[in-house]
Amino acid sequence: MSAVLSFPTTSEEIISYNPATGEEIGRVPNASAETVENTVEKSRRAFQMWRETSYRHRAKFIMKTREIILSEMDEIARLVSDESGKPVAEAFSAEISPTLDLMQYFARNAQKILKPEKINIGQFKFLGRSSKIIYKPLGVVGIISPWNFPLAIPLGEVVMALMAGNTVVLKPSELTPLVGLKIGEIFEKAGLPENVLQVVTGDGKTGAALVEADVNKIMFTGSVATGKKIAENAAKTLTPVVLELGGKDPMIIFADANLEAASSAAVWGAFTNSGQACSSVERLYVEKSIAEKFTNLVVEKTVKLRQNLGSEETTDVGAMVSENQLKIVEDHVADFEKSGAKILTGGRRNENFQGTFFQPTVIADTNNSMRGMREETFGPTLPIAVFATEKEAVELANDSDFGLTASVWTSDISKGKRIAEKIMAGTVMVNEVLYTHGIGQTPWGGFKQSGYGRTHGKLGLLELVAPQHIHVNRNTLLPDVWWFGYSANAIETFRGFARNFATGSLFQTARLAPQLLKRIKELKRK
Ligand code: NAD
């Protein structure tokens, strides 16, 4: 008999529960708007000091923090698993390990990525001018994060923001506040100066207060609905935002794919983290000629998955994070059934547990008009549809409001790459699924309703700095010919600029020399 777990939270405090067992695991403050404002104010003061530190100095703290994570790895993995419900194995593989890699990469490379860049300004350089871009820290960066990767998502962003010279206020999800606080605690142990990173726990209201606290940027990861509210709220103060939102990621399997590998990838891509990844495989399109064989392989592998408490080492699929999230999955599965799709395995809550477990579910005979193929499910379901041609596969994949990641499976790599480029998604993988958030060097972010802006990689780091253009004129002896003192002669010069200089050709510009001299003489006379 399954108990419906309800997770009450008072306005002053957030209670954190283990979703697999329903046990309370801690209580944290539900920070008020006033607390958030004070926190941001302290962050602003700390920024005046932190912005002046060298990359080497910042890297020292990141590497020290990294060491602490390594030394407390088991305890951290256990906390992540207890608070989110995910298998402890995934706390290591999808949270701790990729984040440690990201930490060393940005500690060692942020300076190189953000080094000043000279700009080629074409013929202006012959006038004694030069231009370069330098990258300045923004100030206080507010990070608002979800519960599904409670360590990897916020910690990676914290590291990048700090390396860029910003101070950070992190508001973790109200479902995983203890992991959020742990991030703060680890940096504190590493000796990070006071207020350079602060963690404020709380619910959506606390998050909204952070958006309204006049921070210099908001890095938001979460649902489309919240992302829209944040964008609207941030517009009032013109606070820039990066929005990492939901997904409905397609996986396309061609008949020439390695079906053994593709079926294992589909099962992992759909059910890892109990399907609660923004880049989960949520729509699978398989070529008609191999659909039956492939579907059988998927079902065979799904029924072998071991569903259990996340704390068990052999658990493949753990609990879902909350009753609310599980209800969405139940609704989508019910709608699939009502619309004529066929549940091949799973389809129900797993009654062997008290917590929020939903059975890994494979669904056949689906099509893009069904609700579970259009809205984000964010749970352990794998709906399968068939296609006949390459063109149809691309059309089906692109027929979505979302565009986070996608994957194409074929043994013909050129075909894979060609199709990848036709798919509207921020990341398209050939013969891989889901995992590139784990490669800190690559950009992460979506098209369409999956959001805008990027985290990770060079593009992600550039979101955390203000590019400043420095322009120098080494030639102040001569006046600029476009300055005041307009005349028929001036206009003739400007005509020449339009006809000759603006061609970008030095040869053409040379023809302008007599007119330029005439204009300079005219200006000198004034
Ligand atoms: P959510 O939108 O409910 O909450 C995310 C965060 O926003 C939480 O910290 C929450 O407290 C805060 N929040 C809520 N209302 C707010 C408001 N009005 N103003 C400011 N902050 C507010 O999302 P969730 O349920 O925690 O996460 C699941 C969603 O996140 C899914 O849609 C998933 O696809 C998405 N996600 C996206 C990515 C990505 O990289 N694109 C990664 C992980 C998760």
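Up top is the structure.
Now for a look at the structure at hand. (Residues numbered from 1 in each chain as written. Predicted model: local features only at pLDDT ≥ 70, side-chain atom pairs only at ≥ 80, totals over all residues. Heavy atoms only, no water.)

1. With respect to the packing of helix α7 (residues 204-212) against helix α8 (residues 224-235)
Here α7 crosses α8 at 35°, and the two axes come no closer than 9 Å. α8 is crossed by α7, and the crossing has right-handed handedness. The residues of α8 that touch α7, namely those facing Ala208, Val211 and Glu212, are Ile230, Asn233 and Ala234. Here the residues of the contact of α7 with α8 sort into four nonpolar, one polar and one charged. (Axes fitted to C-alpha atoms, helices over the stretch in contact; angles between N-to-C directions. Helix = DSSP H or I, 4+ residues; strand = E, 2+ residues; numbered from the N terminus. Left-handed = near helix turned anticlockwise from the far one by under 90°. Contact = heavy atoms within 4.5 Å. Nonpolar A, V, L, I, M, F, W, Y, C, P; charged D, E, K, R; others polar.)

2. Topic: the sheet that holds strand β4 (residues 129-137)
An order of β3-β4-β20 is seen for the three strands of this open sheet, with the pairing classed as antiparallel. Of all strands in the sheet, those bounded by a partner on one side alone are β3 (117-119) and β20 (465-473). Each strand of the sheet is rotated relative to its neighbour by a mean of 30°, with strand direction disregarded. Bridge count between β4 and β20: nine bridges; the pairing is antiparallel. Bridge pairing links isoleucine 134 to glutamine 468 in β20. (Pairing = 2+ DSSP bridges.)

3. Structural notes on a nonpolar patch on the surface
Together, Phe124, Trp482 and Trp483 line one region of the surface with nonpolar side chains, adding up to about 310 Å² of accessible area. By secondary structure assignment, the location of tryptophan 482 is in the loop between β20 and α15 (488-499). Taking relative accessible area as the criterion, tryptophan 482 reaches 34% and is therefore assigned partly exposed. (Patch = residues over 30% accessible without salt bridge, like charges linked within 9 Å, V, L, I, M, F, W, Y side chains within 5 Å. Areas by Shrake-Rupley, 256 points an atom, 1.4 Å probe, with all protein chains shown as cover. Salt bridge = Lys/Arg side-chain N within 4 Å of Asp/Glu carboxyl O. Buried < 20%, exposed > 50% of the residue type's maximum accessible area, 1.4 Å probe, protein only.)

4. So, the pairing of β4
Here β3 pairs with β4 via three bridges, running antiparallel. Paired with lysine 118 across the strands is lysine 132, a residue of β4.

5. Focus on unusual backbone geometry
Look at phenylalanine 378: it is not a glycine, yet its phi comes out positive at around 60°. Position of phenylalanine 378 relative to the elements: it lies in the loop between β13 (361-364) and β14 (381-387). Overall, the relative accessible area of 10% leaves phenylalanine 378 in the buried class. Notably, leucine 434 is not glycine yet its phi reads approximately 65°, a positive angle. Relative to the helices and strands, leucine 434 resides in the loop between β17 (427-430) and β18 (447-448). Exposure remark for leucine 434: the relative accessible area of 10% places this residue in the buried category.

6. Section: the pattern of salt bridges
Under the counting rule described, the total for this entry stands at 29 salt bridges. Linking arginine 78 and aspartate 82 is a salt bridge whose minimum nitrogen-to-oxygen distance equals 3.4 Å. Pair noted here: arginine 78 and aspartate 82 are both in helix α3 (residues 73-84), with a separation of four residues, about one helical turn. Arginine 78 sits in the partly exposed class, given a relative accessible area of 44%. The buried category is assigned to aspartate 82, whose relative accessible area is 17%. Here aspartate 399 ties to arginine 374 by a salt bridge, and the two come within 3.1 Å at their closest N and O atoms. Here aspartate 399 is found in the loop between α12 (390-398) and β15 (402-403), whereas its partner arginine 374 is found in the loop between β13 and β14, with 25 residues between them in sequence.

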